Amino acid sequence: MTNANGRFGVHGGQYIPETLMNAVIELEKAYNHYKNDPEFNRELTELLDAYAGRPSRLYYAEKMTKTLGGAKIYLKREDLNHTGSHKINNVLGQALLAKKMGKTRLIAETGAGQHGVATATAAALMDMECVVFMGEEDTKRQALNVYRMKLLGAEVIPVTSGTATLKDAVSEAMREWTSRIDDTHYCLGSVMGPHPFPTIVRDFQAVISREIKAQILEKEHRLPDAVIACVGGGSNAIGSFYHFIEDEGVRLIGCEAAGRGIDTFETAATINTGKLGIFHGMKSYFCQDKYGQIAPVYSISAGLDYPGIGPEHANLHDMGRAEYVPVTDAEAVCAFEFLSKMEGIIPAIESAHAVAHAMKIAPTMNKDQIIVITISGRGDKDCAAIARYRGEDIYE
Ligand SMILES: *Cc1c(COP(=O)(O)O)cnc(C)c1O
């Protein structure tokens, strides 16, 4: 899907300072070597299975299906992975790759802290140094995850530039990588940034759709009619879509965080409100103000609160192969509560965006049709915020 220059249609590429070129060239060479290396793949599969708990379950949500009265609904349970989300799939792959490249230090950006925790986890396991950049605002909102990362042995550096949130943490991590590439690998957390990151992260997350395909064929002897996932940078979504891209009959639906609505300024719905631009080393769609500056974004879900989208999604949108729909805070919170009561599964508020859209379309579909929803993570981390949203202050 990627061409030689790391393009997905007009998107992607490498819009980076000269000083980073060597680092991404070294990374691309190493990746192209190890991705076909049987020993590397054996070690990675062993880590994913024995440590992260793969394969994750594909669960038939029978009560939800009957209540909505339409398509048959399956949940891909990435929430059951070690550290509680799909992030670990990518991190174990990149950490192993970095180790093979002789790197001894991992750096990462994090928003809500999920990717930071996953990176700190892999660093602990593989005996590597770990530094995580996190917007100062986010360190306050996600104090528990800051503690987790420190407990795992990582250093957490609060970033005070810009809006002191995720996009600033990415910028700072890139700056740090520029100044120290000898012993350091930048473990990027989503399908974004300069080539080869969008391809590497997609390949490591593609395990999700590889498993969905095998599991649904075993259970239903046919492919699903739709695969639905939430989209921040887009890693759990592209991982869920990848092995279905060639299957034209499978609708691929990405759910963006609309925040308070796509007709307000408090939104993070990039495809629905953004424009073509260049930021963080890639060409893609970004939320921008009328001067073309990156706009501040908002969502109740810290994990979807990013002003851009990965270049492969931008291209799937241009080609009309995938649909990207907005889901508001209010809809996501209702879905968060619905899935908890209905199936006894508390989803991450990010994943609840995908559940919300499935709740809209399932009743319009036939009983012999099938929807797969990726539950990208578990919702324990969100309980205090959702309680607050409902006007209840609980002690965390
Ligand atoms: C980080 C995160 C996301 C958003 O990231 P993507 O790269 O778009 O997948 C979604 N869900 C959970 C649980 C996350 O931790």
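Above this text is the structure in question.
One structure accompanies this document, and this report is about it. (Residues numbered from 1 in each chain as written. Predicted model: local features only at pLDDT ≥ 70, side-chain atom pairs only at ≥ 80, totals over all residues. Heavy atoms only, no water.)

Comments concerning the site of the ligand
Link 1 in the chain: By nearness alone, 18 residues border the ligand, and Lys87, Ser190, Gly232, Ser235 and Ser376 come closest of all.
Link 2 in the chain: In the model, an oxygen atom of the ligand is placed 2.9 Å from a nitrogen or oxygen of the His86 side chain.
Link 3 in the chain: Taking Ser190, its side chain carries an N or O atom lying 2.6 Å from an oxygen atom of the ligand.
Link 4 in the chain: Bound to the protein, the ligand loses 96% of the 380 Å² it would expose on its own.
Link 5 in the chain: Broken down by secondary-structure element, the contributors of at least two residues to the shell around the ligand are strand S9 (226-231) and helix H11 (235-241). (Near = heavy atom within 4 Å. Polar contact = N/O pair within 3.5 Å; in protein donor to acceptor, adjacent residues only side chain to side chain. Areas by Shrake-Rupley, 256 points an atom, 1.4 Å probe, with all protein chains shown as cover. Helix = DSSP H or I, 4+ residues; strand = E, 2+ residues; numbered from the N terminus.)

Focus on the sheet that holds strand S6 (residues 129-135)
Link 1 in the chain: An order of S7-S6-S5-S8 is seen for the four strands of this open sheet, with the pairing classed as parallel. Whereas interior strands pair on both sides, the edge strands pair on one side only; in this sheet they are strand S7 (155-159) and strand S8 (184-186). Each strand of the sheet is rotated relative to its neighbour by a mean of 25°, with strand direction disregarded.
Link 2 in the chain: Sheet strands touched by helix H5 (residues 114-125): strand S5 (105-110) and S6. Its angle to S5, the strand with the most contacts, is close to 165°. (Pairing = 2+ DSSP bridges. Axes fitted to C-alpha atoms, helices over the stretch in contact; angles between N-to-C directions. Contact = heavy atoms within 4.5 Å.)

Considering the packing of helix H4 (residues 87-100) against H5
Link 1 in the chain: Two numbers describe how H4 lies on H5: the axes approach to 9 Å, and their chain directions differ by 40°. Taken together, the axes of H4 and H5 are oblique relative to one another. Here H4 and H5 pass one another in a crossing that is right-handed. Seen from H4, the contacting residues are Lys87, Ile88, Asn90, Val91, Leu92 and Ala95; seen from H5, they are Gln114, His115, Ala118, Thr119, Thr121, Ala122 and Leu125. (Parallel < 35°, antiparallel > 145°, perpendicular 65-115°, else oblique. Left-handed = near helix turned anticlockwise from the far one by under 90°.)

So, the pairing of S9
Link 1 in the chain: With respect to burial, S9 is a largely interior element, six of its six residues being buried.
Link 2 in the chain: Here S9 runs beside strand S10 (residues 251-259); their pairing, made up of six bridges, is parallel. By the bridge assignment for S10, Ala226 is matched with Arg251.
Link 3 in the chain: Traced from S9 through H11 to S10, the parallel crossover comes out right-handed.
Link 4 in the chain: Sheet topology note: the S9/strand S14 (residues 370-375) ladder contains three bridges and is parallel. Following the sheet pairing, Ile228 is matched in S14 by Ile373. (Buried < 20%, exposed > 50% of the residue type's maximum accessible area, 1.4 Å probe, protein only. Right-handed = clockwise from strand over helix to strand, strands pointing away.)

Regarding the pairing of strand S11 (residues 275-279)
Link 1 in the chain: Note that S11 and strand S12 (residues 282-286) share five bridges and pair antiparallel. Within S12, the residue paired with Gly277 across the bridge is Ser284.
Link 2 in the chain: In textbook terms, the turn of a hairpin is the stretch between consecutive antiparallel strands, and for S11 and S12 this stretch comprises two residues, one of which, His280, has a positive phi near 50°.

Focus: the sheet that holds strand S3 (residues 58-60)
Hydrogen bonding along the main chain pairs the strands of a sheet, whether they run parallel or antiparallel.
Link 1 in the chain: The six strands lie next to each other as S3-S4-S14-S9-S10-S13, forming an open sheet whose pairing is mixed. Pairing within the sheet leaves two strands with one partner each, and these edge strands are S3 and strand S13 (322-328). On average, adjacent strands in this sheet sit at an angle of 30° to one another, irrespective of strand direction.
Link 2 in the chain: In this sheet, S14 lies alongside strand S4 (residues 72-77) in parallel orientation, the contact comprising six bridges. Following the sheet pairing, Arg77 is matched in S14 by Ile375.
Link 3 in the chain: Packed on one face of the sheet, helix H10 (residues 207-220) meets S3, S4 and S14 and runs near 140° to S4.

What to know about the pattern of salt bridges
Link 1 in the chain: Applying the stated criterion across every chain yields a total of 27 salt bridges.
Link 2 in the chain: One salt bridge connects Glu62 with Lys66, and the closest N-O pair in it is separated by 2.7 Å. Of the two residues, Glu62 and Lys66 are both situated in helix H3 (residues 62-68); the distance of four residues between them amounts to about one turn of the helix.
Link 3 in the chain: Using a relative accessible area of 39% as the deciding quantity, one classes Glu62 as partly exposed. (Salt bridge = Lys/Arg side-chain N within 4 Å of Asp/Glu carboxyl O.)

Looking at the environment of Glu109
Link 1 in the chain: Considering the arrangement of structural elements, one finds Glu109 in strand S5.
Link 2 in the chain: Between the alpha carbons of Glu109 and Leu188 there is a distance of 6.9 Å; along the sequence they are 79 residues apart.
Link 3 in the chain: When near neighbours in sequence (up to four residues on either side) are disregarded, Glu109 contacts His115, Gly116, Phe133, Leu166, Ala169, Val170, Ala173, Tyr186, Cys187, Leu188 and Gly189.
Link 4 in the chain: A polar side-chain atom of Glu109 sits 2.8 Å from a polar atom in the side chain of Tyr186.
Link 5 in the chain: A polar side-chain atom of Glu109 sits 3.0 Å from the main-chain amide nitrogen of Gly189.

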